Amino acid sequence: MIATIDMEIQPMKKTFCLLLFLPIIYTTAHPLIYHHHHPTILTDKAALLAFKDTMTQDSQSILADWQNSSNVCNFTGVVCNHQHQRVVQLLLNRSGIHGPLSPFLANLTGLLLLDLSENNLVGPIPPELGSLWRLNELNLFGNLLHGLIPDSLSLLSELFYLDLNVNRLTGTIPSSILYNCTSLVYIDFSENALHGEIPPEMGNHLSDLMFLQLYSNNLSGKLPPSLSNCTILKCLDVENNRLSGELPSETVSRLQLLELLLLSNNLFTSHDHNTNLAPFFKALSNCTHLQAIELAGMGLGGQLPTTIDQLGIYLSSIHLQHNRIFGSIPPTIVNHSNLTVLNLSCNLLNGKIPDEIGRLQNLQWLILSNNLLIGPIPPSIGQINLLNQLDLSKNRLSGEVPGSLGNLIFLSDLFLQENELSGISSSIGRCESLNRLDVSFNRLTAIPKEIFGLTHMGIFLNLSHNLINGPLPLELSKMEAVQEIDLSSNYFHGIIFPQLEGCISACMINFSHNLLEGKLPGTLGLLRNLKSLDVSYNSLSGEIPVGLGGSVSFDRLNLSYNDFNGPIPTSGRWVDIACASLHEEEKMVDVVS
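Residues numbered from 1 in each chain as written. Predicted model: local features only at pLDDT ≥ 70, side-chain atom pairs only at ≥ 80, totals over all residues. Heavy atoms only, no water.

Section: the confidence of the model for the protein
Consideration 1: This prediction gives the protein a mean pLDDT of 90; 89% of its residues lie at or above 70.
Consideration 2: Low pLDDT, under 50, characterises residues 1-36; the predicted model gives this stretch 61 contacts beyond four residues in sequence or across chains. (pLDDT = per-residue confidence, 0-100. Contact = heavy atoms within 4.5 Å.)

What to know about the packing of aromatic side chains
Consideration 1: Under the counting rule described, the total for this entry stands at seven aromatic pairs.
Consideration 2: Consider the rings of Phe51 and Trp66, whose centres lie 6.2 Å apart with planes at 45 degrees: the pair is tilted. Highlighted residues: Phe51 in helix α1 (residues 41-54) and Trp66 in the loop between β1 (57-58) and β2 (78-81), separated in sequence by 15 residues. Like Trp66, Phe51 is buried.
Consideration 3: Taking 4.4 Å as the distance between ring centres and 15 degrees as the angle between the ring planes, the aromatic pair formed by Tyr537 and Tyr561 counts as stacked. Of this pair, Tyr537 sits in the loop between β38 (532-534) and β39 (539-542) while Tyr561 sits in the loop between β40 (556-558) and β41 (563-564), and the two are 24 residues apart along the sequence. (Phe/Tyr/Trp six-rings, centres within 6.5 Å; stacked < 30°, edge-to-face > 60°. Helix = DSSP H or I, 4+ residues; strand = E, 2+ residues; numbered from the N terminus. Buried < 20%, exposed > 50% of the residue type's maximum accessible area, 1.4 Å probe, protein only.)

Description of the pairing of strand β16 (residues 242-246)
Consideration 1: One ladder, built from two bridges, connects strand β14 (residues 218-221) with β16; its direction is parallel. By the bridge assignment, Ser220 is partnered in β16 with Arg242.
Consideration 2: Of the pairings in the sheet, the one linking β16 to strand β18 (residues 267-269) comprises three bridges and is parallel in character. Paired with Gly245 across the bridge in β18 is Phe268. (Pairing = 2+ DSSP bridges.)

Digging into the nonpolar core
Consideration 1: Residues Trp66, Leu90, Leu284, Ile381, Leu461, Leu476 and Phe511 are the most contacted members of the largest nonpolar core, which totals 157 residues.
Consideration 2: The element contributing the most residues to this core is α1, with five residues.
Consideration 3: Leaving out residues up to four positions away in the same chain, Phe511 has contacts with Leu472, Leu476, Ile485, Leu487, Ser488, Ile496, Leu500, Leu516, Asp534, Val535 and Asn538.
Consideration 4: Judged by nonpolar contacts, the second largest core, of eleven residues, contains Phe160, Tyr186, Ile232 and Leu260. (Core = buried A, V, L, I, M, F, W, Y, C linked by side-chain atoms within 4.5 Å.)

Now the structure itself:
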């Protein structure tokens, strides 16, 4: 979800506060660890061995060398400060350990870094961890922890890194943590089940905050205006919540160092009763380091301002899909020469795609689908040499698919379905990286044979629902890697040639609703991966080949509305094919007893 930003953490301001030491009392089921004297390396060793005893599984044997007879500083994952003779780091990320997050760890009072991320730790976060008063970094990311975030973590006044991402935590975000742990630089509570408001005054206490990630929770209310005081904030990610109110123009206008602004899938609105995007984009122009902006899935209304090119020279990703943005695509958008992703899909954009779009030389994803765009596909798109995905589907584009697209040697996905296109250039056959090609639901009357020469196409070829007239091209049999072939609802005529067995990777073949005739080749039974075959609504005749039952993976077989005769085969795989789908009234076959 979050792009990685390389950063050098500046020296943290250290604050002193009175430590309220929490006594640790355990039941008789656990070893009693209670010390009246200053803790030592022996205290640390006892705490670590007690932690090991609570683990129910150690699948990688990471803790195998944690023995009472060994030097604790030689335990795997343990780092000691030899001058002060204390354990200062516990690094057990991705260690395959299972079990509860043990309160015994609270006795490691010299600990500076605790990383238990990406394991299978269960249960609540022990409140006793608030005793780790020297702790700088706490990383519990990617476990199965549940319950509330304990208020006692607010006692960790030296903490600058706190990651509780991807757990099962519930309740609200404790304001005490955000108000008292004033050295925090990095906060990640994402992908939990937290609810309620983001503490409104948090920005007044966290002047060092650089990363705030709260995405994929159930948070509500407004984005706190106090965040405008976090003037060195680089990443603000609150996607996939229920935050509401107008887009936070005043707040972001003061975040001049912001690099990632991710607000998608909330309940925000644009200004002037959800009709005006201009004030927000003007505020964003102050964020001169902005790299990514995501405002998708909120039904935002308004036009893209012509000043969109003022969002800074570093902008590489724009996600504005699933909104109600209307008007034309401003040609000035092409001034963002570092753009790699432009997603404006599922809006109400109209007019033509700017001819200048080809100036976006670094673009890898261009997604303009589900709009009201008209006119031809600009040939200049063929100049975007790094383009990997081009999705212009579900618009009103017309004319021919330009031959310049054949220059896109890295193009993997080409989606042009549901337009009004009337032709496609043979040059598309030069797109050797193409894995998905969908030109269905257009007005194509012919397909160049070079398209079927894309022998490395690995996912699907969809030419359905056009006006294509002619025989099935023999070149189709050379597409050994393609998994799905859909040529349905056209005017293909002639026979289904037996060489189709060359499509050895095919899982789905749909030739239905055409004018095909002759016999159904039994060689189709040699396609061992074939799960779905539909040749219904043609003029195929003769007996159903017994060999067709050779495919061991059929989930769906539709031979209806043809002119077959003779019996339904009853041997081999045919025994398992559901006869309920082979009705005489569907004219599939005249059953002979």
